[in-house]
2 protein chains.
Amino acid sequence: MVRIAVTKSAAALLFSLLAASGEAAQSSGDALPSWNAGATKTAITQFVTRVTREDGPDFVPPAQRIAAFDNDGTLWVEQPFYFQLAFAFDRVRAMATQHPEWQTKQPFKGLLEFDMDAVAAVGENGLLEVIAATHAGMSTEQFEAIVRDWITEARHPRFARRYAELVYQPMLELLGYLRANGFKTYIVSGGGVEFMRPWTEAVYGIPPEHVIGSSGVTQFRLDAEGRPELAKVGKVEFINDGPGKPVGINRFIGRRLILAFGNSDGDLQMLQWTAAGEGARLAALVHHTDAAREFAYDRRSRVGKLDKALDEAVARNWLIVDMKRDWRSVFPFERQPSTVGSSP
Amino acid sequence: MVRIAVTKSAAALLFSLLAASGEAAQSSGDALPSWNAGATKTAITQFVTRVTREDGPDFVPPAQRIAAFDNDGTLWVEQPFYFQLAFAFDRVRAMATQHPEWQTKQPFKGLLEFDMDAVAAVGENGLLEVIAATHAGMSTEQFEAIVRDWITEARHPRFARRYAELVYQPMLELLGYLRANGFKTYIVSGGGVEFMRPWTEAVYGIPPEHVIGSSGVTQFRLDAEGRPELAKVGKVEFINDGPGKPVGINRFIGRRLILAFGNSDGDLQMLQWTAAGEGARLAALVHHTDAAREFAYDRRSRVGKLDKALDEAVARNWLIVDMKRDWRSVFPFERQPSTVGSSP
């Protein structure tokens, strides 16, 4: 009990520092100060002006101003591999003493020995097995506490920053700008919904009920004292990726988006579905072109592969954000050095 | 195209009449004028006061003021059988010419011949078959147009009113009262989510993204012209009833409710899950006790059976609304005779 209380206050500290840097960026006259002037920034502000001008032909009532963002690679970094995998790998190490069989079983053995070739050799199904083994067998509330701990403590191998600091400052500004213009902002991610919800409100201003993601099966049960709980049983229920994204949007929101932002082929169908709606629509991609400040990758990347969606974006004139050209700054800590990165 | 446009305007007319009667009720000083003074009404207003008083011990921030309502039997009538079944039966009759095999196959044959004993004999699985046959094989948008048509035209066998007029005036007032106090109001129903979403915003003020229900599998596909659509394939995906309700709430909202309202055993686990949360919680049941104005049923009803949940409500001191005693009026049309019921 005490442990959770301490954790929550540490998380609150981290989140308040992050939130503060996001808000400071909004206080200038320009709502998007981390976006360089140019065609990309103009396309965004012109779209918002079109749909919010009450006497204009493209006006959209606030209730229908639904915008959705992919998470990995669109709102935060996804290299060298999805942060949820880093979380799962850390969980394997934390749980290893209770699982002596992992000392000899791949990919667990490889993870414990930092043998990433052995881990990679098991492929995607092996990674799903790791996620199932580390995300299940507990209540949803226990899992939430573990995620909060991890997001407060774990650090990225290259940037040596906490993962929730590796969010894109221009996208934080865009989220705030849209909400200030009456949009509802959602996350529509292939990542696990219960991995995101504990921190999206503090970091992005996106509440749990606006987070759509992949999910595992949960079961309602009464515990030994007759208290109800939801148990995570370690079975995949829904993969919110690729064609699953419009399916998930229809299931959770029940209306089409008017704005969708992604960065990979996993976002293709969400963007198609959005762009095909009647009236003004904005379908957009973040193109990772900046190896110096972040990463540069697209068609041949194992993580966040952007190939078909890039072709379709060009063919259909979707907005393509060139990170190197369009973003004046990438991360909140570049703009406003805080004590977060240097604290122990 | 024209047909849909006409339908939408007819629906808009119906909905505006309904919405008008709801709002008129709010304009007096009492936000709940259709609730008789007494312990039930006091319990509701005291709960809202407790959680909204900023300096009180039970204060709940607005973001966490999540209230959910079952639909059938809690917000609108569910007798003599769920309105979605009436819709499905009407669809069977409308689609019969395209399905000659239904002339000899139960329960379709029974439905076409108004032989309700034959229909009842097939049991719940037979009814699910009817729903699958009538709700699938089309896009989500085609289905939505059909629901809009039906809700605008079809009438209830006893009241000879359109189904969307058979909503409970006291509950409309309660929804408005909660929203005026910073609550978000959700529907958490065993009914089909795509059957409810086309009309819940106009009738209850509850937007599509706040409607959680049972769902069928949908598939993303490109049609013959390359336009994306979501196809309903006629397979059950999720039953949002009984233990499925807390599961659905966790999946869609990701936080516990602080207020839950149901009326049957299908709401038991939602109420248990709500009541077990920390802090002030309100778990409540509508008890159908008024055969004169509506219906009277509980433990032995085939539709909306209230048995275990009634025992648990008594044992745990949940709020039990006695329709006959607690509701001054039941339907909007009792309070404010409109032209809706008498128009052709």
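These figures come from a predicted structure and were not determined experimentally.

In this section: the relation of the copies chain B and chain A. Superposing chain B onto chain A requires a rotation of 180 degrees together with a translation of 0.0 Å along the rotation axis, leaving an RMSD of 0.0 Å. The symmetry that links the two subunits is that of a two-fold axis. Among all C-alpha atoms of chain B, that of Phe 252 of chain B lies closest to the rotation axis, at 3.3 Å. Looking at the interface residues of chain B, 100% of them are also at the interface in chain A, so both copies use one shared face.

Right, let's talk about unusual backbone geometry for a bit. Note on backbone geometry: most residues besides glycine have negative phi, and most peptide bonds are trans. In this model, Gln 106 of chain A is joined to Pro 107 of chain A through a cis peptide bond whose omega is 0 degrees. Relative to the helices and strands, Pro 107 of chain A resides in the loop between helix 3 (83–95) and helix 4 (108–112). In the Ramachandran plot, Ala 160 of chain A falls in the positive-phi region, its phi being about 55 degrees despite a non-glycine side chain. Inspection of the secondary structure puts Ala 160 of chain A in the loop between helix 7 (140–153) and helix 8 (169–180). With a phi angle near 55 degrees, Phe 114 of chain B is a residue other than glycine that sits in the positive phi range. Turning to its location among the elements, Phe 114 of chain B is positioned in the loop between helix 4 (108–112) and helix 5 (116–121).

Residue and element names in this part refer to chain B. Contact pair helix 3 (residues 83–95) / helix 6 (residues 123–135): the axes reach a minimum separation of 9 Å and the direction vectors enclose 60 degrees. With respect to helix 6, the axis of helix 3 lies oblique. Along this stretch, helix 3 crosses helix 6, giving a crossing that reads as left-handed. Along its contact with helix 3, which presents Gln 84, Leu 85, Phe 87, Ala 88, Phe 89, Arg 91, Val 92 and Met 95, the element helix 6 presents Leu 127, Val 130, Ile 131, Ala 133, Thr 134 and His 135. Partitioning the contact of helix 3 with helix 6 into residue classes produces 10 nonpolar, 3 polar and 1 charged.

On to the pairing of strand 1 (residues 66–69) of chain A, then. Residues and elements named next belong to chain A. Of the two faces of strand 1, the one carrying Ile 66 and Ala 68 and the one carrying Ala 67 and Phe 69 are both buried. Relative to strand 6 (residues 259–262), strand 1 is paired through 3 bridges, and the arrangement is parallel. Bridged to Phe 69 within strand 6 is Phe 261.

Now for the packing of aromatic side chains. Throughout the structure, instances matching the rule amount to 41 aromatic pairs over all chains. A centroid spacing of 4.5 Å and a plane angle of 5 degrees characterise the contact between Trp 102 of chain A and Phe 108 of chain A, whose relative ring orientation is stacked. Neither Trp 102 of chain A nor Phe 108 of chain A differs from the other in exposure class; each is buried. Pairing Phe 87 of chain B with Phe 195 of chain B gives two aromatic rings, centres 5.2 Å apart and planes at 40 degrees, and the pair type is tilted. Placement of the pair is Phe 87 of chain B in helix 3 and Phe 195 of chain B in helix 9 (residues 193–204), with a sequence separation of 108 residues. One exposure class covers both Phe 87 of chain B and Phe 195 of chain B, and it is buried. The ring centre of Phe 238 of chain A lies 4.2 Å from the NZ or CZ of Arg 251 of chain A, which sits over that ring. Positioned above the aromatic ring of Phe 143 of chain B is the side chain of Lys 232 of chain B, whose terminal nitrogen or guanidinium carbon lies 4.5 Å from the ring centre.

Criteria and cut-off values
Residues numbered from 1 in each chain as written. Chains lettered and ligands numbered in written order. Predicted model: local features only at pLDDT ≥ 70, side-chain atom pairs only at ≥ 80, totals over all residues. Heavy atoms only, no water. Least-squares fit on C-alpha atoms with pLDDT ≥ 70 in both. Contact = heavy atoms within 4.5 Å. Helix = DSSP H or I, 4+ residues; strand = E, 2+ residues; numbered from the N terminus. Axes fitted to C-alpha atoms, helices over the stretch in contact; angles between N-to-C directions. Parallel < 35°, antiparallel > 145°, perpendicular 65-115°, else oblique. Left-handed = near helix turned anticlockwise from the far one by under 90°. Nonpolar A, V, L, I, M, F, W, Y, C, P; charged D, E, K, R; others polar. Buried < 20%, exposed > 50% of the residue type's maximum accessible area, 1.4 Å probe, protein only. Pairing = 2+ DSSP bridges. Phe/Tyr/Trp six-rings, centres within 6.5 Å; stacked < 30°, edge-to-face > 60°. Lys NZ or Arg CZ within 6 Å of the ring centre and 35° of its normal.

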